[in-house]
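Residues per chain, in single letters:
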Amino acid sequence: MAIIHRTTLTPTKLELLTAWLPGRPWYRGGAGEPRLARAGGFRLDDPAGEVGVEFMVATDTAGPGPVHYLVPLTYRGAPLDGAEHALIGTTEHGVLGTRWVYDGSHDPVLVTELLALFEGRAQAQAQSLTDTPDHEIVHSYAGSSPLPPAPAAPSAEDDKDATGIAVAPGLTLRLHRVLRPAPDAVADRPENALGHVSGHWELPDGSRARAVFAVLHD
């Protein structure tokens, strides 16, 4: 069970993302700096209790209209071997000390627990509360065999909309990086997908939105 500490983080997560996001292929902003706010998301527990796992929705209001990004993050107490390319930055946690913050699509702990969520073996947790399930996160899996654990070094590739992760021969996990609000029915499992995870976040006007966060394809 992840414990949510009420403490300081220097620099903050949003400050780290402000510097990191403009370099992503799926970033929709221009040459200026993004103006980010945390809009929602959820957490997953690392069974070993070592790695923090968070799926953050960050809204950028710097442009003519808001853009909503899904940013999977992991927080570690030491560097992840071989993942220098996925490091977003380091931050000082008021309780835990130095934390290495990674793009979680490259972290085997996050990918393994997300696959467990598809199957219902993991429970989505509230983003900012300890030991509080988030029952609004919807998941499905229509496969006939159990999903494998993630590779030790997940192969993640970005395109202009998403990140694709090869989790097994012929099986791809796709994380939707740019979220587009959709009616609940549209946020169900997409046609021809083997499974999906959908979630919610808050729009700048205070209303709530849903979208598909991740899909599995064979």
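Description of the structure in this document. The residue numbering used here restarts from 1 in each chain and proceeds along that chain's sequence as written. Selection of residues for local features in this predicted model requires a pLDDT of at least 70, selection of side-chain atom pairs for listing and counting requires 80 or more, and totals for whole chains, interfaces and linings are taken over all residues. With hydrogens and water excluded, all non-hydrogen atoms of the structure serve as input to the side-chain values.

A short note on the environment of A83
Thought 1: You can see A83 is positioned in the loop between strand 4 (67-76) and strand 5 (87-93).
Thought 2: On the accessibility criterion, A83 (3% relative accessible area) is buried. Helix and strand definitions here come from DSSP, where helices need a minimum of 4 consecutive H or I residues and strands a minimum of 2 consecutive E residues; each element is numbered from the N-terminal end. Relative accessibility decides the category of a residue: with a 1.4 Å probe and only protein chains considered, values under 20% of the type maximum give buried, values over 50% give exposed, and everything between is partly exposed.

Quick look at the pattern of salt bridges
Thought 1: A carboxyl oxygen of Asp or Glu within 4 Å of a side-chain nitrogen of Lys or Arg is what we treat as a salt bridge. Using the criterion set out here, one finds 11 salt bridges in the structure.
Thought 2: Among the ionic pairs, R208 bridges to E136, the shortest N-O distance being 2.6 Å. Here R208, found in strand 14 (residues 208-217), pairs with E136, found in the loop between strand 7 (125-126) and strand 8 (138-141); they are 72 residues apart in sequence, far enough to count as distant.
Thought 3: Between D161 and K160 there is a salt bridge, with the nearest N and O atoms lying 2.9 Å from each other.
Thought 4: Overlapping salt bridges bring together K13, R38, R43 and E54 as one network.

Section: helix 2 (residues 108-119)
Thought 1: Its 12 residues place the ends of helix 2 17 Å apart at the C-alpha level, agreeing with the 16 Å of an ideal helix rising 1.5 Å per residue.
Thought 2: With 10 of 12 residues buried, helix 2 is to be regarded as a mostly interior element.
Thought 3: Of the residues making up helix 2, those classed as buried are P108, V109, L110, V111, E113, L114, L115, A116, L117 and F118.
Thought 4: Polar contact is the term for a pair of N or O atoms within 3.5 Å; when the atoms are in protein, one must be able to donate a hydrogen and the other to accept it, and sequence-neighboring residues count only if both atoms are side-chain atoms. N-cap assignment for helix 2: the residue whose side-chain oxygen lies 3.0 Å from the backbone N of V109 is D107. A helix is expected to reach a length of 1.5 Å times the quantity of its residues less one.

A word on the sheet that holds strand 9 (residues 155-158)
Thought 1: Taken in spatial order, the six strands make up an open sheet running 8-13-14-11-10-9, and their pairing is antiparallel. For this open sheet the edge positions go to strand 8 and strand 9, each flanked by a neighbour on one side alone. With strand direction ignored, the average angle separating the axes of adjacent strands in the sheet is 20°.
Thought 2: Pairing analysis gives four bridges linking strand 11 (residues 171-176) to strand 14, with the strands arranged antiparallel. Within strand 14, the position partnered with R174 by the bridge is V215. By the convention used here, strands pair only if DSSP detects at least 2 bridges between them. Helix axes use the C-alpha atoms of the stretch in contact, all axes being lines fitted to C-alpha atoms, and the angles between their N-to-C directions lie in the range 0 to 180 degrees.

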